[in-house]
Structure formats: structure tokens, C-alpha cells
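Commentary on secondary and tertiary structure
One-letter residues, chain by chain:
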Amino acid sequence: MNKELIETKNAPEALGPYSQGIVSNGFIFLSGQIGIDPASGKLVEGGVSEQTRQIFSNIQNVLSETGNILDDIVKVTVFLKDMDNFSVVNSIYSEYFTKPYPARSAVQAAKLPLDVDIEIEAIASK
């Protein structure tokens, strides 16, 4: 199996035994991102809206290391602390993607890293 590591200082560094992303077999697999500002290393202030926007910035920054953009994403998984925030996240999500939209799943998670409101992972086509 062919695996190529993706790393960038423009997104939060991995805090455990995982990679920001891996390129394999024509796809880019991105680890879950939370709303950490890579410049400060801290969670952005505010709630789910601010965290969601930071997450998409982080995702774009990881993708740019491979010469890709958000439009190359084919699958997104959204993990929400509270499913009542789905409409807020959905509205922001629609600012970042155009038709044809990526396939997507959204689930409520009992607990997320650093007790954040949202985490998003994605798969893109190389």
C-alpha cells in the first residue's frame, strides 16, 4: 500500500499517534479537525459557528499541501456535540461547498476532543 504523509504548520499539528492527512490510492484522507487556531494553538473563542469556520480553514490548509481545494472533497463526516446545532453548521457548510456537494454524514457524539462543539473529517479526491 502506498501512503504519503501530509503535514502543514498552517493547521493544528497532530496531538497523538495520527497524521493530519494521508494520500493513498488517489484519495486524500483528512483526520478530524476541531476549531483550533494553528497560530495560537488554542480553540477559537465563541461557539459552533466560529469553530466550524476555523475547521474549514484548517481543512483547506491541509488540502493545499497537496495542491487541492475544498471542491475536491468527496465525503465529509460531521460530529456534533449537540444535534440542535445542525442548522447553524449546515448554513455555514453551504458557504464552503457548491454542487455537486460532497456526500455527508452528521452524527451527535457524546464527547469530542477538548469538549469542542464540532469536529469534521473529510476525504478528497487527488
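In what follows, the structure referred to is the one given above.
Definitions and limits used
- Residues numbered from 1 in each chain as written.
- Predicted model: local features only at pLDDT ≥ 70, side-chain atom pairs only at ≥ 80, totals over all residues.
- Heavy atoms only, no water.
- Pairing = 2+ DSSP bridges.
- Helix = DSSP H or I, 4+ residues; strand = E, 2+ residues; numbered from the N terminus.
- Salt bridge = Lys/Arg side-chain N within 4 Å of Asp/Glu carboxyl O.
- Buried < 20%, exposed > 50% of the residue type's maximum accessible area, 1.4 Å probe, protein only.
- Expected span 1.5 Å × (residues − 1).
- Axes fitted to C-alpha atoms, helices over the stretch in contact; angles between N-to-C directions.
- Contact = heavy atoms within 4.5 Å.
- Phe/Tyr/Trp six-rings, centres within 6.5 Å; stacked < 30°, edge-to-face > 60°.
- Lys NZ or Arg CZ within 6 Å of the ring centre and 35° of its normal.
- Lys, Arg positive; Asp, Glu negative; His and termini not counted.
- Arc of directions from axis to C-beta.

1. Notes on the pairing of strand β8 (residues 118-125)
One ladder, built from five bridges, connects strand β3 (residues 27-33) with β8; its direction is antiparallel. The residue of β8 that forms the bridge with Q33 is I120. Here seven bridges tie strand β6 (residues 73-80) to β8, and the two strands are oriented antiparallel to one another. Bridging across to β8, I73 finds its partner in A124.

2. Thoughts on the pattern of salt bridges
By the definition in use, this model includes three salt bridges. Between K81 and D115 there is a salt bridge, with its nearest N and O atoms 3.3 Å apart. Within this pair, whereas K81 is found in the loop between β6 and α2 (86-96), its partner D115 is found in the loop between β7 (103-108) and β8, the two being separated by 34 residues in sequence. Classification of D115 by relative accessible area gives partly exposed; the value is 40%. Salt bridges here are not isolated pairs; linked through shared partners, they connect K81, K111 and D115.

3. Examining helix α1 (residues 48-64)
Taking 1.5 Å as the rise per residue, α1 with 17 residues should run 24 Å; its terminal C-alpha atoms sit 24 Å apart, in good agreement. Restricting attention to buried positions, one finds in α1 the residues V48, Q51, T52, Q54, I55, F56, N58, I59, V62 and L63.

4. Concerning the sheet that holds β3
Taken together, six strands build an open sheet; the order of strands is β1-β2-β3-β8-β6-β7 and the sheet is mixed. At either end of the open sheet lies a strand with only one pairing partner, and these are β1 (4-6) and β7. In this sheet, neighbouring strand axes are inclined to one another by 15 degrees on average, regardless of whether the strands run parallel or antiparallel. Running at roughly 30 degrees to β8, α1 makes contact with β1, β3, β6 and β8 of the sheet.

5. Focus: the packing of aromatic side chains
One pass over the full model with this rule turns up five aromatic pairs. Note on F56 and Y96: the rings are 4.6 Å apart at their centroids and 20 degrees apart in plane angle, and the pair reads as stacked. Of the two residues, F56 sits in helix α1 while Y96 sits in helix α2, which places them 40 residues apart along the sequence. On the basis of relative accessible area, F56 is assigned to the buried category, the value being 2%. Ring geometry for Y93 against F97: centres 4.7 Å apart, planes inclined by 40 degrees, an arrangement best described as tilted. In this structure Y93 comes out as buried when scored by relative accessible area, which is 5%. Above the ring of Y93, the side-chain terminus of R104 is found at 4.4 Å from the ring centroid.

6. So, the side chain of E119
Mapping E119 onto the fold places it in strand β8. Salt bridges are absent for the buried E119, whose nearest opposite-charge side chain, K111, sits at 12 Å. Among residues more than four places away in sequence, those in contact with E119 are G32, Q33, I34, I55, T77, V78, F79, L112 and P113.

7. Examining α2
Every buried residue of α2 is listed here: V89, I92 and Y93. On an axial view of α2, the arc spanned by its buried residues comes to 105 degrees, and they lie on one face.

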